[in-house]
Amino acid sequence: MCGIVGYFGNKNGAEVVVDGLKRLEYRGYDSWGLAAVGEGKLIKHKQVGKIGGFDLKRDLPKFGGEICIGHTRWATHGGVTETNSHPHFSCDKKIAVVHNGIVENYQELRSDLEKKGHKFVSQTDTEVIAHLIEQTLKITKDKTEAVRQSLKKLQGSYALGIIFEDEKLMIGARKGSPLVLGVGKDQTILGSDVPAFLKYTNKVVFLEEFEMVAISDQIKGGYEIKNVNSGKTVKPKITTIKWDATEAEKGGHPHFMIKEMLEQPQVIEKTIGMGKGELDKAAKMIEKAKRVYVVACGTALHAGMYGSYLLAKINKIMVQPISAGELHHFAPLFKKGDLVICVSQSGETADVLEAVKSAHSAGAKVLALVNVMGSSLMRAADFSLLTKAGPEICVLSTKAYVSQMAMFVMISGALSGKISNAKKVLGIAKKDIEKILSKKSLEKIKKMSKSLAKAQNIYALGRGINYPNALEACLKIKEVSYIHAEGFAGGDLKHGPIALIEKGVPVIIFASDDESEAEIISNAMEVKARGADVIGINYRNNEVFEQYLPIEKNGFYSPIASIVYPQLMAYYIALEKKFDPDKPRNLAKSVTVK
Ligand code: M6R
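Residues numbered from 1 in each chain as written. Predicted model: local features only at pLDDT ≥ 70, side-chain atom pairs only at ≥ 80, totals over all residues. Heavy atoms only, no water.

1. Observations regarding unusual backbone geometry
Then, in step 1: Each neighbour pair has its own omega, and for His 86 with Pro 87 the value is 0°, a cis peptide bond.
Then, in step 2: Topologically, Pro 87 is positioned in the loop between strand 4 (67–73) and strand 5 (88–89).
Then, in step 3: Unlike most non-glycine residues, Lys 578 shows phi in positive territory, near 60°.
Then, in step 4: Note on placement: Lys 578 falls in the segment after helix 18 (564–576).
Then, in step 5: In the Ramachandran plot, Asn 586 falls in the positive-phi region, its phi being about 65° despite a non-glycine side chain.
Then, in step 6: With respect to the element layout, Asn 586 can be found in the segment after helix 18. (Helix = DSSP H or I, 4+ residues; strand = E, 2+ residues; numbered from the N terminus.)

Structure, rendered in structure tokens:
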């Protein structure tokens, strides 16, 4: 969690860094801070709360410098206070550090440094890094080397930005947390991810594990990458990012959440346009595998579950979904010949990356369905299919879910040699979503959401291919509206959940034109008989539905469109309750720590 940005160039670095931090706020928004070198002095600013409304020119007109680092925090070690917010400094206040990750051995390092006379001011693990560099500089005068030596002593994970008062130098480093280098004309930018600086450059270098970069006018080409362990120089691999910078902007919409939901038809269109070659390659990996697992977290896991139903029903292939956070209980059973499909929007989720390691150490192969190009997952997997969501900024995953489901449809099509059919059904889903997103339909959902906002509990039911949507709908609602919401498989209802049903409780029913339609309608009747207000999503109305939300007939592919209704409900309920849909409490978009 946490987002970092660093600027080295000829602009006012603080402006670029503040702008970048606003784009990274989805990674954490407890507090934020900046440090810059302006006229030979290291200056800082720290603040508790979100950076959203901050305007550098208005709020801090004198703050600036051509070298600047910044941080937006999701607290792990130490409470949410100005002191604990980053940057952290050495005793002489000449070294400033921003950090994303966890220094696991910080207590040991801290007590050792305290014995040597260092005075700590915060409760964070990060502060130890600034003091450690300061201490190492007593032995070696070369700052890059002092940082490298210090990094070798850190256990845990880090993405770092480091600057110095007395040298025009910025250092970045990564181990276990993402860090990307943006290489522009006369400027070099560090960011936790690409949208942080996409406005300035689309030429990037994805730092690898244990790599550090020194950025300075004194270095030919402006920067040099080294391996932290060996100290050897690494040749940079520059990638051009095809995302358009405007995709990472709100584009006139009040929130990223609504903007991203409205983009879902284009996401499907882009998925339909995928090349056959890469799909066939993924399909071959599945065909060849002895056993297939799908491993992911949260929304991506729900997409993986959808994929497992689809591959079972259409391709007669058994795919076992496992939550990445629970995987270590099963990973010892992985074998050579197994295939692990990892699904992730960010490609940086710690538990998913751990799954890749477990699979590889057992000799199993990894196929990634991942949205972020150059992400850790993409680099670690044996083969990756890039999902077509484009930059997803809102903490809540909406368009990424639809892109992942659509990708499974294409894979299933490739497996059965019928990609054209996959394109056809995705075309129906796309048109259907366009209807759901029409002005009239949005007004209807908005109106419904007004009364849903008063609910204490909301439930959702689905069977078979619609079950993952019941889980996903409730995840969306609880994440952003803080209403207790739970999704169940229709078949489980009588095994306990029906006890929760009482007069007036909203229950969303996911139905479609497949073999479980009659059974889920029976479930709807059972909950209605106990007083529930039934909201039915189906291709045809039914007298059991109090409120009816139409979708097209699209069989096993109906869930791609039907999920859009609860996504919209979650959004409008949040607005009704005056919550910020882009920044739900306690959450961060990328869970890069376990
Ligand atoms: O980046 P990933 O797809 O790996 O993230 C997985 C989950 O953390 C993510 O889907 C999370 O559940 C979202 N907040 C859902 O809206």
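There is more to say, and it comes next.
2. Here we look at the pairing of strand 11 (residues 203–206)
In the case of a regular strand, side chains alternate between the two sheet surfaces.
Then, in step 1: Note that strand 9 (residues 180–184) and strand 11 share three bridges and pair antiparallel. What sits directly across from Val 180, in strand 11, is Phe 206.
Then, in step 2: Here strand 11 pairs with strand 15 (residues 239–240) via two bridges, running antiparallel. Its bridge partner lying in strand 15, Lys 203 is registered against Thr 240. (Pairing = 2+ DSSP bridges.)

3. Focus: the packing of aromatic side chains
Aromatic ring pairs are reported here in terms of the distance separating the ring centres and the angle at which the planes meet.
Then, in step 1: Tallied over the entire structure, the rule returns six aromatic pairs.
Then, in step 2: Ring centres of Tyr 482 and Phe 579 lie 4.6 Å apart, and the angle between their planes is 45°; this geometry places the pair in the tilted category. Placement of Tyr 482 in the loop between helix 15 (467–481) and strand 22 (484–489) and of Phe 579 in the segment after helix 18 is noted, with a sequence separation of 97 residues between them.
Then, in step 3: A ring pair is formed by Tyr 571 and Tyr 572, whose centres lie 5.2 Å apart and whose planes are at 65°; its orientation type is edge-to-face. Comparing Tyr 571 with Tyr 572 shows no difference in burial state: the two are buried.
Then, in step 4: In this arrangement the basic side chain of Arg 585 is found over the ring face of Tyr 482, its NZ or CZ atom lying 3.9 Å from the centre. (Phe/Tyr/Trp six-rings, centres within 6.5 Å; stacked < 30°, edge-to-face > 60°. Buried < 20%, exposed > 50% of the residue type's maximum accessible area, 1.4 Å probe, protein only. Lys NZ or Arg CZ within 6 Å of the ring centre and 35° of its normal.)

4. Re the sheet that holds strand 16 (residues 292–296)
Then, in step 1: With parallel pairing, the five strands of this open sheet are ordered in space as 17-16-18-19-20. Only two strands of the sheet have a single neighbouring strand rather than two, namely strand 17 (319–323) and strand 20 (383–386). Taken over all neighbouring pairs, the strand axes of this sheet differ in orientation by 20° on average, direction set aside.
Then, in step 2: Where strand 19 (residues 365–370) meets strand 20, four bridges bridge the pair, whose relative direction is parallel. Within strand 20, the position partnered with Ala 368 by the bridge is Ser 384. (Axes fitted to C-alpha atoms, helices over the stretch in contact; angles between N-to-C directions.)

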